[in-house]
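Spelled out, the chains give:
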Amino acid sequence: MRDDCECTNSDHAFYARIDAALDRHQEAHWWIHKLDEHYHQADLFRWHLNAFLKAIKEVPLLVAGALQNERGFSAWFRDVRAELQDDPLMSALSKKRDFIVHRGMLVPNSSGFVGITELRGMKFGMRFPVYPLEDSADAMDRYLLAIAEAGDFLGILQDDEDSLPCVERTWQLEEIDGDLVDICARAWQRTGEAINLVSQRFDARELPLGLECRHASDKMRFKLFDRANLRLRQSDLVARKLHRARPSEAAPP
Ligand SMILES: [Zn+2]
């Protein structure tokens, strides 16, 4: 128990009863941070999304199980759960749950661009595709190879103190507008609101549901690159490509 905790003993007694549900809700909170952290790593993003969706779906089940012997609770909570499930956002996530994590299912509305940012948004962007299932750094590698041949017409590698090269990408679902991690954060809050209804019913303190601990999603969408490192990376990629293209010296003529 933290020293600054303002909960009463009866709050804690109630929380102890739904401890498994609260723990799963906290776990889902952790996965949201991991989604933010791995936003530019396609596989890690999908795997953490899977973990989030699994955890968030289990929270109401754990509440229902913990309090099923309370008189009148199950019937009342069935309505709370139905309302939660009918919420368009929760229902879309829940339907996606079984197949969202398979490769390819996030493809339709996930996109990315390579360009230059002044840190307040994309300055020049180019519709250079970032494939939904590739890491943003791999997309930048492809771009570096492409401009080694075609020329750096965006000037991405030219010195400029006020801007940085970047990949901007977004993860989205077809059914719901907005960034996918923001959607997960809203789902977490709505599930928390359902827990808070239960807390109210048992006269316990409600959970805080602010997610101020998250990074702003508009910043997260940008992966920034250092120009000097990109130039070195480009030389390395070009050298490796030439090496691969050259016939093996050991091979017979
Ligand atoms: Zn947090």
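None of these values were measured; they are calculated from a predicted model.

Each value, and the rule that gives it
Residues numbered from 1 in each chain as written. Predicted model: local features only at pLDDT ≥ 70, side-chain atom pairs only at ≥ 80, totals over all residues. Helix = DSSP H or I, 4+ residues; strand = E, 2+ residues; numbered from the N terminus. Buried ≥ 20, exposed ≤ 12 C-beta atoms within 10 Å, placed from the backbone. Contact = placed C-beta atoms within 7 Å. pLDDT = per-residue confidence, 0-100. Axes fitted to C-alpha atoms, helices over the stretch in contact; angles between N-to-C directions. Parallel < 35°, antiparallel > 145°, perpendicular 65-115°, else oblique. Nonpolar A, V, L, I, M, F, W, Y, C, P; charged D, E, K, R; others polar. Core = buried A, V, L, I, M, F, W, Y, C linked by C-beta atoms within 7 Å. Pairing = 2+ DSSP bridges.

Draft legend 1. Quick look at the overall build of the protein chain. Within the protein chain, the regular secondary structure consists of nine helices and four strands. Across the protein chain, helices and strands are ordered from the amino to the carboxyl terminus as α-α-α-α-α-β-β-α-β-α-α-β-α. By the burial criterion, 26% of the 253 residues in the protein chain qualify as buried. Of all intrachain contacts in the protein chain linking residues separated by at least 6 positions in sequence, the fraction that spans at least 24 positions is 72%.

Draft legend 2. The arrangement of the confidence of the model for the protein chain in detail. With 89% of its residues at a pLDDT of 70 or more, the protein chain has an overall mean of 87. The element-level mean pLDDT for the protein chain is lowest in strand β2 (residues 122-126), coming to 72, with helix α2 (residues 19-37) highest at 96.

Draft legend 3. Inspection of the packing of helix α6 (residues 136-150) against helix α9 (residues 227-245) at higher detail. Closest axis-to-axis distance for the α6/α9 pair is 9 Å, and the angle between their directions is 75°. The orientation of α6 relative to α9 falls into the category roughly perpendicular. Together, Asp141, Leu144, Leu145 and Ala148 of α6 and Leu230, Arg233, Gln234, Leu237, Val238 and Lys241 of α9 make up the contact between the two elements. The class makeup of the residues in the contact of α6 with α9 is six nonpolar, one polar and three charged.

Draft legend 4. Region of interest: the environment of isoleucine 18. As for its placement among the helices and strands, isoleucine 18 is situated in the loop between α1 (9-17) and α2. By the C-beta count within 10 Å, which is 23 here, isoleucine 18 ends up buried. Along the sequence, isoleucine 18 and alanine 66 sit 48 residues apart, while their C-alpha atoms lie 5.8 Å from each other. What isoleucine 18 contacts, discounting residues up to four positions off in sequence, is Val63, Ala66 and Leu67.

Draft legend 5. The arrangement of unusual backbone geometry in detail. Of note in this structure, aspartate 203 is not a glycine but carries a positive phi near 55°. Mapping aspartate 203 onto the fold places it in the loop between α7 (180-201) and α8 (217-220). Judged by the 10 C-beta atoms lying within 10 Å of it, aspartate 203 falls in the exposed class.

Draft legend 6. A look at the environment of threonine 8. Along the chain, threonine 8 turns up in the segment before α1. Considering only alpha carbons, one finds threonine 8 and arginine 205, 197 residues apart in sequence, at a separation of 8.3 Å.

Draft legend 7. Seen up close, the nonpolar core. Among the nonpolar cores identified, the biggest contains 31 residues, and Ala28, Ile32, Leu35, Phe52, Ile56, Val181 and Cys184 are the most heavily contacted of them. Looking at this core, the element that brings in the most residues is α7, giving ten residues. The residues touching isoleucine 56, leaving out its near neighbours within four places in the chain, are Ala28, Ala187, Trp188 and Thr191. Grouped together as the second largest cluster of nonpolar side chains are twelve residues, Val130, Leu144, Ile156 and Val167 included.

Draft legend 8. Focus on the pairing of strand β3 (residues 164-170). Looking at chain direction, strand β1 (residues 111-117) and β3 are connected through seven bridges and run antiparallel. Each residue of the ladder has a partner; that of phenylalanine 113, found in β3, is glutamate 168. Summarising the sheet, β3 and strand β4 (residues 222-224) pair through three bridges and their orientation is antiparallel. Directly across from glutamate 168, in β4, lies its bridge partner phenylalanine 222.

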